[in-house]
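Survey of secondary and tertiary structure
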Amino acid sequence: MRGPVYVIGWGSLIWDLDDLAPKVAGPWRMGAGPSLPLEFSRVSVKRKMGLAVCIDLDHGAPCPTHAIASRRDDPFAARADLAARERAPEAMIGVWCARSGRGEGRSAQQVGAWCEASGAAGAVWTDVTSNYLDHHGESFSLPHAEAYLQGLAGDGRDEAVRYIENAPEDTDTPLRRRLSQRLWWREEAARVARLDASEGGA
């Protein structure tokens, strides 16, 4: 007998299930998902123009992902749930059905292999792409991305720092490693942590 359908996550979904919360069961199984190529290469309007992590086949590094059980038996129903949480069309949500051995979305074969190995009935994941080129007129690169983050100000910079720092440690992408070595970033991370702590205690 196969296990549940899983939701695969690696970014804000880990700490903010939002309206997906009643549609999943149990805790996140940290590090238990398939390894996927991830990078903080998507400009996110929701994150005040900070960089969000996404599957990036060109610039991403293989990173562990995390899995939480959906309450749905049907992977396609689980896809609709995740699409609602992401405020995205279902075409931007990857899905794999173990029963049919078929899936949709980038990395479907990797996720399918993981489902087979883990005994999962299926899986769904956010399948948005990098939009860096669309926003900046040039391809993603580590120097340009660092300069872009450094140029953000106010709430936009706070949110950009907060998002990258809150991502699971396993989301160890080339950009995140670069930033961890930069004094300016470490100082910003400490400042935002103090800000959040003061607001939490207010």
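Preceding this paragraph is the structure being described.
So, here is what we can say about the structure in this document. (Residues numbered from 1 in each chain as written. Predicted model: local features only at pLDDT ≥ 70, side-chain atom pairs only at ≥ 80, totals over all residues. Heavy atoms only, no water.)

1. Let's talk about the nonpolar core
- Of all hydrophobic cores here, the largest spans 40 residues; its most connected members are Leu51 and Leu149.
- Those residues within four positions of Leu149 in sequence are excluded, and the remaining contacts are Leu51, Arg157, Ala160, Ile164, Leu175, Leu179, Trp184 and Trp185.
- Judged by nonpolar contacts, the second largest core, of 16 residues, contains Leu82, Ile93, Val95 and Val124. (Core = buried A, V, L, I, M, F, W, Y, C linked by side-chain atoms within 4.5 Å. Buried < 20%, exposed > 50% of the residue type's maximum accessible area, 1.4 Å probe, protein only. Contact = heavy atoms within 4.5 Å.)

2. Quick word on the sheet that holds strand 4 (residues 50-55)
- Ordered by their spatial adjacency, three strands build an open sheet running 4-3-5, and the pairing between neighbours is antiparallel. Looking at strand neighbours, the two that pair on one side only are strand 4 and strand 5 (61-63), the edges of this open sheet. Taken pair by pair, the neighbouring strands of this sheet meet at an average axis angle of 55°, ignoring direction. (Pairing = 2+ DSSP bridges. Helix = DSSP H or I, 4+ residues; strand = E, 2+ residues; numbered from the N terminus. Axes fitted to C-alpha atoms, helices over the stretch in contact; angles between N-to-C directions.)

3. Overview of helix 2 (residues 108-118)
- The set of residues buried in helix 2 consists of Ala108, Val111, Gly112, Trp114 and Cys115. Down the axis of helix 2, the buried side of the element spans an arc of 160°, and every buried residue falls inside it. Away from its buried face by more than 90 degrees, helix 2 exposes Gln109, Glu116 and Ala117.
- In this structure, the buried side of helix 2 is in contact with strand 1 (5-9), strand 3 (36-44), strand 6 (66-70), strand 7 (93-97), strand 8 (102-104) and strand 9 (122-126).
- Two residues or fewer after helix 2 comes Gly119, characterised by a positive phi angle close to 80°. (Arc of directions from axis to C-beta.)

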